[in-house]
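Here is what each chain is made of, one letter per residue.
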Amino acid sequence: MTGRTGGEAAAGPYAGFGGELGRTFAGSQGWWPPRPQPAADAPNVVIVLVDDLGFSDLSCYGSEIATPHLDALAADGLQWTNFHVTPMCSPTRAALLTGVNPHRAGAGAVANSDPGFPGYAAELADDVATAAEIFRSAGYATLAAGKWHLTKDADMSDAGPKASWPLQRGFDRYYGFLDAFTNLHQPHRLVEDNHTVRVDRYPDGYFLTDDLTDRSLDMVAQVKASNPSTPFLLYLAHGAVHAPLHAKPADLARHRGRYDGGWDRVREARHRRQLELGILPPGTQLPARNSEEGDDVPAWSDLDERDQRLFARYMEVYAAMVDNVDQNVGRLRAGLAELGVLDDTIFVFLSDNGASREGESEGTSAYLRTLVSTNAHDLEDPDADLARIDLLGGPQTMVHYPRGWAMASNTPFRLYKVNTHAGGHSVPFLVSWPRGLPAGERRGQWAYVTDVLPTLLELTGVERPAERAGVTLQPLTGSSLRGALADPDAPHPHTEQYFEMIGHRGYYRDGWEAVTRHRPLTAFGDHEWELYHLADDPTEVRDLAAEEPDRVRDLAAAWEAAALENQVFPLDEGSRLRYVTRPPYEEPLKEPVRLLRRTHTLERYRSQLLIQWRSFRVDVELDFHTGDRGMLVAHGDQGGGYALYVDEGDDLVFVHNGYGTMRELRGGPVPDGTDRIVLDVTAPGQWQWDVRLTVGDESRGSLAGLAMLGAMAPFCGIDVGIDRRSPVSWAIYERHGPFPFTGELIAVTYTPGETAPDAGDRFVEMLREIGARYE
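A few points on the structure.

Calculation rules
Residues numbered from 1 in each chain as written. Predicted model: local features only at pLDDT ≥ 70, side-chain atom pairs only at ≥ 80, totals over all residues. Heavy atoms only, no water. Helix = DSSP H or I, 4+ residues; strand = E, 2+ residues; numbered from the N terminus. Rg over C-alpha atoms; globule rule 2.2 N^0.38 Å. Buried < 20%, exposed > 50% of the residue type's maximum accessible area, 1.4 Å probe, protein only. Contact = heavy atoms within 4.5 Å. Core = buried A, V, L, I, M, F, W, Y, C linked by side-chain atoms within 4.5 Å. Phe/Tyr/Trp six-rings, centres within 6.5 Å; stacked < 30°, edge-to-face > 60°. Lys NZ or Arg CZ within 6 Å of the ring centre and 35° of its normal. Pairing = 2+ DSSP bridges. Axes fitted to C-alpha atoms, helices over the stretch in contact; angles between N-to-C directions. 1 Å grid on protein atoms, 1.4 Å probe; cavity = no way out; pocket = protein on both sides within 12 Å on 5 of 7 lines; lining within 4 Å. Points joined across faces, edges and corners; volume = space filled by probe spheres on them. Nonpolar A, V, L, I, M, F, W, Y, C, P; charged D, E, K, R; others polar. Salt bridge = Lys/Arg side-chain N within 4 Å of Asp/Glu carboxyl O.

### Thoughts on the overall build of the chain
Counting secondary structure elements, the chain contains 18 helices and 31 strands. Relative to the compact-globule value of 28 Å for 775 residues, the chain shows a C-alpha radius of gyration of 28 Å, a close match. Out of the 775 residues in the chain, the part that is buried amounts to 63%. Once local pairs closer than 6 in sequence are excluded, the contacts in the chain between residues at least 24 apart make up 72%.

### Considering the nonpolar core
Counting residues in each nonpolar core, the largest one holds 137 residues, and the members touching the most others are Leu336, Phe349, Trp405, Leu632 and Tyr750. Per-element accounting of this core gives the leading share, 15 residues, to helix H7 (residues 305-338). Each residue touching Leu336, except ones within four places of it in the same chain, is listed here: Val46, Leu217, Val220, Phe232, Val341, Leu342, Thr345 and Phe347. Leu49, Trp80, Phe83 and Leu453 belong to the second largest nonpolar core, which has 64 residues in total.

### Comments concerning the environment of Val552
Residue placement: Val552 occurs in helix H14 (residues 549-565). With 172 residues separating them along the chain, Val552 and Glu380 place their C-alpha atoms 41 Å apart. Contact partners of Val552, with chain neighbours within four places excluded, come to Trp529, Leu531 and Ala545.

### Quick notes on the packing of aromatic side chains
Per the counting criterion, the structure on display carries 31 aromatic pairs. Ring centres of Trp148 and Phe171 lie 6.1 Å apart, and the angle between their planes is 90°; on these two criteria the pair is classed as edge-to-face. Of the two residues, Trp148 sits in the loop between strand E6 (141-147) and strand E7 (173-177) while Phe171 sits in the loop between E6 and E7, which places them 23 residues apart along the sequence. Neither Trp148 nor Phe171 differs from the other in exposure class; each is buried. Relative to Tyr367, the ring of Phe181 lies with its centre 5.2 Å away and its plane at 75°, an arrangement referred to as edge-to-face. Here the residue Phe181 occupies a position in the loop between E7 and strand E8 (191-192), and Tyr367 occupies one in helix H8 (residues 367-375), the gap between them amounting to 186 residues. Judged by its relative accessible area of 2%, Tyr367 falls in the buried class. Ring-pair connections join several aromatic residues into one group, and the members of that group are Tyr259, Trp263, Trp300, Phe311, Tyr314 and Trp405. Residue placement shows Arg551 over the ring face of Trp512; its charged tip is 3.8 Å from the ring centre. In this structure, Arg578 is placed above the aromatic ring of Tyr579, and the distance from its NZ or CZ to the ring centre is 5.6 Å.

### Topic: the sheet that holds strand E17 (residues 496-501)
What the 4 strands build is an open sheet, ordered E17-E18-E19-E20; its pairing is antiparallel. Two strands bound the open sheet, and with one partner strand each, they are E17 and strand E20 (530-533). Ignoring strand direction, the axes of neighbouring strands in this sheet form an average angle of 15°. As paired elements, strand E18 (residues 504-509) and strand E19 (residues 512-515) share 4 bridges and run antiparallel to each other. Among the inter-strand pairings, Tyr507 is bridged to a residue of E19, identified as Ala514. Relative to the sheet, H14 contacts E17, E18, E19 and E20, its axis offset from that of E18 by approximately 110°.

### Quick notes on empty space enclosed by the protein
Under the defined criterion, the tally for this structure stands at 8 cavities of 30 Å³ or more. The calculated volume of the largest cavity comes to roughly 90 Å³. Around the largest cavity sit 15 residues that line it, and His188, Arg189, Thr601, Leu602 and Arg725 are the ones nearest its centre. Within this model, the second largest cavity holds a volume of roughly 60 Å³. Those elements giving two or more residues to the lining of the second largest cavity turn out to be strand E11 (345-351), strand E12 (429-432) and helix H12 (452-460). Counting residues per element, the lining of the second largest cavity draws most heavily on H12, which supplies 4 residues. In terms of residue class, the lining of the second largest cavity is made up of 9 nonpolar, 1 polar and no charged.

### What to know about the pattern of salt bridges
One pass over the full model with this rule turns up 64 salt bridges. As a salt-bridge pair, Arg93 and Asp51 come within 3.2 Å of each other at their nearest N and O atoms. Here Arg93, found in helix H2 (residues 89-98), pairs with Asp51, found in the loop between strand E3 (44-50) and helix H1 (68-76); they are 42 residues apart in sequence, far enough to count as distant. With respect to class, Arg93 is no different from Asp51; both count as buried. As a salt-bridge pair, Glu360 and Arg357 come within 3.0 Å of each other at their nearest N and O atoms. This pair shows no difference in class: Glu360 is buried, exactly as Arg357 is. Shared partners join several salt bridges into a network, and the residues in it are Asp295, Asp296, Arg357, Glu360, Arg403 and Arg517.

### Looking at H12
The element H12 is largely enclosed, with a buried count of 8 among its 9 residues. Where H12 is concerned, the buried positions are Val452, Leu453, Pro454, Thr455, Leu456, Leu457, Leu459 and Thr460. Positive backbone phi, approximately 80°, marks Gly461, located one or two places after H12.

### Section: the layout of surface pockets
Roughly 580 Å³ of volume is contained in the second largest pocket. Lining of the second largest pocket is provided by 23 residues; of these, Pro570, Leu571, Asp572, Glu573 and Glu775 occupy positions nearest its centre. For the lining of the second largest pocket, the elements supplying multiple residues, two or more each, are H14, helix H15 (577-580) and helix H18 (764-772). For the lining of the second largest pocket, the element with the most residues is H18, which contributes 4 residues. Residue classes in the lining of the second largest pocket are distributed as 12 nonpolar, 3 polar and 8 charged.

### Some points on unusual backbone geometry
With an omega of 5°, the peptide bond running from Ala240 to Val241 counts as cis. Locating Val241 in the fold gives a position in the loop between strand E10 (232-237) and helix H5 (249-254). A cis amide bond links Ala713 to the next residue, Pro714, at an omega of -5°. Structurally, Pro714 can be placed in the loop between strand E29 (698-707) and strand E30 (718-720). Even without being glycine, Phe739 reaches a positive phi, approximately 60°. Mapped onto the fold, Phe739 is located in the loop between helix H17 (730-736) and strand E31 (744-755).

### Examining the pairing of E17
Regular strands place their side chains on alternate faces of the sheet. Of all the 6 residues making up E17, 5 are buried; the element is thus mostly covered by neighbouring parts of the structure. Looking at chain direction, E17 and E18 are connected through 6 bridges and run antiparallel. Bridge assignment links Glu496 to a residue of E18, and that residue is Arg509. Following E17, the chain reverses through 2 residues before pairing antiparallel with E18; Ile502 in that reversal takes a positive phi of roughly 40°.

### Quick word on the sheet that holds strand E26 (residues 661-669)
Strand order in the open sheet formed by 5 strands is E26-E25-E24-E23-E30, with antiparallel pairing between adjacent strands. This sheet does not close on itself; its edge strands, each paired only once, are E26 and E30. In this sheet, adjacent strand axes meet at a mean angle of 10° when their direction is disregarded. Note: strand E24 (residues 640-646) against strand E25 (residues 651-658), 6 bridges, orientation antiparallel. Residue pairing in the sheet places Tyr642 in a bridge with His656 of E25.

Pasting the structure below:
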């Protein structure tokens, strides 16, 4: 066989071998299959995505919040003044990473419900490729840190399936959280690569935004040290500035007292600076305060002194978060410079949507409580919020500001995150590449989030493959911004774009936009459309629908065609049916579970389904001896939860955290030799729980009228024999930390019971009938 190539020996184990084969190494010619090889001068790519940051929140966009590092990024690159995303987090992430419209990519809404329709699958489709998959195929190292939020709730546990986790969608490394948000002081669950990070207690002074920056730089440093010729793609998606709002004490102190004048004054000052800076065209009008029912904002001067004091403090926390994000962008760029790669890095910064109105009219110190109040049952407690004013921003509170501050953050635009009006989707966008792009310039071309990936592909020379895992890819729906990057007057070919979010609709075409603000449980129709000529009226002040009915009809028809093409239907009519209709693959997650002590924290959603809207029973198996102390079981965190523990004097104690309001049931001493303790929780309705404690066969007391935790609470999963990370009870945490049980704890069994009489899943058919009226 001397001198024969593998190709000539077409069959057998040498098929496909391209060298020459002899009987010895010396008499043979080796051959190495080609590897993906990026160009020698291929730039690195960094995408920093911030959550819920409003258009005007950076000082280079008119803010009073000093953001010198982001200002420097703008000065070193290009600042966009007319950039748009979707009005919600998961859809923007999908569009950013794939270059495909969000519903086509499978993520038309947040990844917390899967109603069974392809446009709302709560995960990326098989026929779209992420930036990570594309760049990895071209020889890039692909790194991700921070918020993911493109995985179904039911798939986030260690059992998976993990097909929609970051590593399975093209990233080599990942460190962050899969959920929509987390506690920045004490994250509820961190994931590294494909496994949960085991943390019992975070170190004093820990802050997630800082940690994500450190981990990002560590990953980049490892890549460049291992092979300096390997370019990298880094996707850093901060949890900030999404609620719950958290800040470090030093950052908070810098903003104390700054917002005592209120949102009207801040909004007017930002608008004035935007005009002075040239961010807005001369003469751009500041709209009146948002006045639409349910979205309305009162004049600051109409608030009483107590509300002004509390609401100003909420905004101080938010400003401190923005400040910290800026510091971390500075640290990231400094770290890249130290590694010698900053000049060869395309650096992109943007927000995923406009500022959030989820704090509603009064803000909150208990964000998880407010999510329930918004969606189901009013539990708001302004007195409790005021009592916690000196704790705001720290680990004991879950803050969100009132929507008046969201209005100010979105200056000069109307409405908020979720809305298809400009306030929902107009965001800061900065891009820098010292080696390849102009510096210190602005761009005003209308651009959209799906344009980012095509732009990066063209700038780097990376080719998008035709297939992913044997599946033909959808075409990109965005267009490269390369022409606009080079020339401020160059036309950008992305001249039309649909918008949709929970029934709100919008369509942009050549400087005109038709938009609706859909009220839940009202009929969809052409009567909802407003019309604005953005070239003359970028802040959507003058509705021209009545004057130009033909243009409205054309844009409405264009929206309809785009909706059909992009899997937008069915529309959410506001019945909330999508949130109570759960897919059949979740049924096993409602089955009883026996948790051995060695089991690390049970994932949030699996834990939640054991207790959501229902009665349940907790059986504790142990071999108790006098003097044993510590947690038997804990479920939740400072945002809401419950725990059962043994205190001094062998006292059994049940503690309930009702969104920051603490209640306690003391069950008396646990006898030596006790082998069973039972917590029975019943759900009589009206979003309440009643509890009863039993030690052995002896009843030890009951407690009625507790707040039933729901929506996203408890946000931390079930712990056995310890209360990890953010504690259910801060008082216990201060005394004992995570308080691991000192005795022999064998297992804890959860047995779900009957759902409450007013549980949402009992009313699926009724909700379907209600929603059908608005078909």
